[in-house]
Amino acid sequence: MAKIKSSNLGYPRIGENREWKRALEAYWNRTISEEELTEKTDAIRLENLKKQKEQGIDLIPVGDFSLYDHVLDTSVTFGIVPERYNYSGGKVNIDTYFAIARGIDDAVASEMTKWFNTNYHYIVPELDGVKPKLVENRALDYYKEAKENLGIDGKPVILGPITYLKLSKGYEPNEFNQLVDTFLPLYVQILQELAEAGATWVQIDEPIFSTNVSEEIVEAAEKVYRVFAKEVPEIKIIFQTYFEKVFHFERISQLPVAGIGLDFVHGDSLELLRTYGFPQDKVLAAGIIDGRNVWRANIEEKLTLLETIQRFVHDDQLIIQPSSSLLHVPVTKTLEEKIDSVILEGLSFADEKLQEVVTLTKGLVTGRKSIQTEIYEVKEALGNLQATYRSNKEVREEITNLTLEDAKRNEIFSERIKLQEERFKLPLLPTTTIGSLPQTPEVRSTRTKWRKGEITDKDYTQFVFDQINRWIAIQEEIDIDVLVHGEFERNDMVEYFGEKFNGFSVTEYGWVQSYGSRCVKPPLIFGDVSWDKPITVKESVYAQSLTNRPVKGMLTGPVTILNWSFVHDTTPRYEIMKQIALALQKEIEALEENGIKIIQVDEPALREGLPLDHEKWEEYLEESAYAFRLATATVAADTQIHTHMCYSNFEDIFDCIDALDADVISIETSRSHGELVSTFEENTYTKEIGLGVYDIHSPRIPAVNEIKQNINRALQTITPKQFWVNPDCGLKTRKEDETIAALKVMVEAAKEVRKEQLTTQR
Ligand code: GLN
Ligand code: ZN
């Protein structure tokens, strides 16, 4: 009898209705006590476990739950608390835990950054001089909880030492091995305590090996896992990777562990098996169901994939599971009531994905016939989706006929900029903002009322127009040179377009955790994308009608729209990116025809979309630049194209930024000025550029001199003729009075530097 098992790597924390988010925020606002928070989150966690048990999952993860972030959980497990929080040892209390994540008055929060290539953010551990100690064993606590309350013999999930240390900061590269030695006995202790409590399987997440790590890092892993095998032989460790194939598979597959977890959705893991085979003494935990996307799996194709995998392993070596934690997908599709039924039939969120895992396991164990109904149902659902929405001949043809020329402006930058200078006659160091203006409670509540049908379309439009009107006057009063309409009509820069392009849809409850309690609801790209009527023209034209100064049209770029959506997987991603670009091209043309002279196309997600595998970078960057240019290439030479990027490890994408061929780019930099300026010392950039001169994430009003300093520092490497003065990013999260005060300071600083420049030039 085959012993194929089903497994899960992690379950969404947020609850079906984001109960988790509400509980956390209530606690932060002090409307519930710590006891109440614990009660509520315990209930969510146990409910999640119960569901997985009822679904019939054999290996249920425990310890994947978190009150904020699992990397932060790992830090506090080891008592790693930066000095500024006055921690004095022992189990880290909940307020200190949240303080590290969110900051308190007298101690800034720890840095937060993206978890690999996802839109989940983790809290970066600060190891500076700290002495790690095992101050709690979360894995053990959660293991016992599941066993005692639900009779579940769970599979504890632990963030592995190599990945944890590689994601940390506060040490020199040559201290890495020493740090590994320091943490090693603590990890051993965690495992020993788990073994004593009766745990068998333990999943140790080491996704860092899905990136191009060096041989030295592999050596470190060999040492660590050798020690685990020796010290805790009774624990069956699954060395879990995800998001890409494993690098150094030849060596990794020989680690002395019980199993290796591979992602068969996002990396070519099958190719690894074909090349290197799979050791016969280990379990292969095969990530078959996509943990990063929301579309139903084609059960038949997956079964075929599994049958291929079976050529490399015996049945008792095989575990079937999602490709990654289900943290990255919404909880369940059963709550969706408004969405088109063909689309709904094609969806699969966390709960449905677990069902797919179970179905596949059954199919393998008892034969294809036993899941014939499921196979048939999926086929029909996916077929309907394909036939109804993924067969737009016109768009598909347009894409196939594209050439390099189609993505090229007629004139080169140096010619365009002359015409633009004549047209706009902007002063030296022109001032502008990034697009959004404060979304006050009034703006948000009015939108909610309109969505609920409590106010009419007409009243809502009038409300938005009133905001635009008021803010055009404010911007003129502050004396900003290039204005924005303020994006008052938008909830989110991607969802807004997602609701309006063909081929997109939005869900009601499709939330996923982005960071802490913050969840996002990515739009779905379910079909071929196309444009049929103007989206932003009305607001932009109205804003422009109110002033003689140029008002920027404001769009989200093709790369960002793609990266921040759940994209269906039957058309290659880059093709969908081009479809989005063509749709945007039509919107841009509509803006231009209606008198908009400057158009900004934001690409904040360009950097984060870089594939984990460096070998795939070039293609990604080329395709991204092509799509951006395709969207923006058809405008007249004297129409000025802007783009904006949030802080983005700039060196990696410098050439791509240049290849976008935007006339003006603004980049978030105020927290990393030195670094950026040095990038410009090493590379020549000839187009116009605004390096954010103040940080919009903080309510603090900058001083004139600070901003002048930032401008002057940039002017050491960028010529004054090239430089624009703007804040770091959009202003939608700031209060109105803060925004006005800060912008006044910014304009004053720009004017002073302008004057100084003009006198020295003379
Ligand atoms: N135009 C957008 C805004 O100002 C850009 C946001 C972003 O970069 N994430 O809000
Ligand atoms: Zn930004």
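Computed from a predicted structure; not experimentally measured.

Peer 1: Looking at this model, I keep getting lost on the pattern of salt bridges. Mind explaining?
Peer 2: For side chains of opposite charge, pairing can occur when their charged atoms come near one another. A full pass over the atoms with the stated rule returns 48 salt bridges. Glu-111 serves as the salt-bridge partner of Lys-169, at 2.8 Å between the closest nitrogen and oxygen. Of this pair, Lys-169 sits in the loop between helix H6 (161-167) and helix H7 (176-196) while Glu-111 sits in the loop between helix H4 (94-102) and strand E3 (112-114); the two residues are 58 residues apart in sequence, bridging distant segments of the chain. Residue class for Lys-169 comes out partly exposed when judged on its relative accessible area of 35%.

Peer 1: Even after reading the chapter, I still don't get the nonpolar core, so can you show me in this structure?
Peer 2: Nonpolar side chains tend toward joint burial in soluble globular proteins. Leu-194 and Ile-309 are the most contacted members of the largest nonpolar core, which has 143 residues in total. The leading source of residues in this core is H7, at twelve residues. Beyond its immediate stretch of four places on either side in the chain, Leu-194 contacts Ala-139, Leu-140, Tyr-143, Pro-156, Ile-158, Ala-199, Val-202 and Ile-235. Core analysis: the second largest hydrophobic core is formed by 102 residues, Trp-471, Val-537, Leu-630 and Leu-715 among them.

Peer 1: Is there a simple way to think about the packing of aromatic side chains in this case?
Peer 2: The description of two aromatic rings rests on the distance between their centres and on the angle between their planes. If you walk through the whole model with that rule in mind, you get 25 aromatic pairs. Aromatic side chains Phe-501 and Phe-504 sit 5.9 Å apart centroid to centroid with 50° between the ring planes, which places their arrangement in the tilted category. When its relative accessible area of 3% is taken as the criterion, Phe-501 is described as buried. Site record: aromatic cluster; members linked through ring pairs are Phe-78, Tyr-164, Phe-183, Tyr-187, Phe-209, Tyr-225, Phe-228 and Phe-239.

Peer 1: I would appreciate a short explanation of empty space enclosed by the protein in the present structure.
Peer 2: If a probe as big as a water molecule is rolled over the atoms, it shows which places are left empty. This model, assessed by the stated rule, comprises seven cavities of 30 Å³ or more. The calculated volume of the largest cavity comes to roughly 330 Å³. Gly-63, His-70, Val-157, Ile-158 and Leu-159 are the residues nearest the centre of the largest cavity, which is lined by 27 residues in total. When residues of the lining of the largest cavity are traced back to their parent elements, those giving at least two are helix H3 (70-77), helix H5 (138-150) and strand E5 (155-159). Counting residues per element, the lining of the largest cavity draws most heavily on H3, at four residues.

Peer 1: Before we go on, may I ask you to explain the coordination of the zinc ion (ligand 2) in this structure?
Peer 2: When four donors bind a metal tetrahedrally, each ideal donor-metal-donor angle is 109.5 degrees, and when six bind octahedrally, the ideal angles are 90 or 180 degrees. Looking at the zinc ion (ligand 2), one finds its protein donor set to be His-644 (NE2), Cys-646 (SG) and Cys-729 (SG), positioned 2.1 to 2.3 Å from the metal centre. Considering all four donor atoms around the zinc ion (ligand 2), angles at the metal cover 85 to 124° and the coordination shape is irregular. Sequence spacing of the donors to the zinc ion (ligand 2): H-x1-C-x82-C. Of this pair, His-644 sits in strand E19 (residues 640-645) while Cys-729 sits in the loop between helix H26 (704-715) and helix H27 (736-761), placing them 85 residues apart in sequence. Overall, the relative accessible area of 3% leaves His-644 in the buried class.

Conventions adopted
- Residues numbered from 1 in each chain as written.
- Chains lettered and ligands numbered in written order.
- Predicted model: local features only at pLDDT ≥ 70, side-chain atom pairs only at ≥ 80, totals over all residues.
- Heavy atoms only, no water.
- Salt bridge = Lys/Arg side-chain N within 4 Å of Asp/Glu carboxyl O.
- Helix = DSSP H or I, 4+ residues; strand = E, 2+ residues; numbered from the N terminus.
- Buried < 20%, exposed > 50% of the residue type's maximum accessible area, 1.4 Å probe, protein only.
- Core = buried A, V, L, I, M, F, W, Y, C linked by side-chain atoms within 4.5 Å.
- Contact = heavy atoms within 4.5 Å.
- Phe/Tyr/Trp six-rings, centres within 6.5 Å; stacked < 30°, edge-to-face > 60°.
- 1 Å grid on protein atoms, 1.4 Å probe; cavity = no way out; pocket = protein on both sides within 12 Å on 5 of 7 lines; lining within 4 Å.
- Points joined across faces, edges and corners; volume = space filled by probe spheres on them.
- Donors = N, O, S within 2.8 Å, 3.2 Å for Na, K, Ca; no water.
- Tetrahedral: all angles 85-135°; square planar, octahedral: opposite > 155°, others 65-115°.

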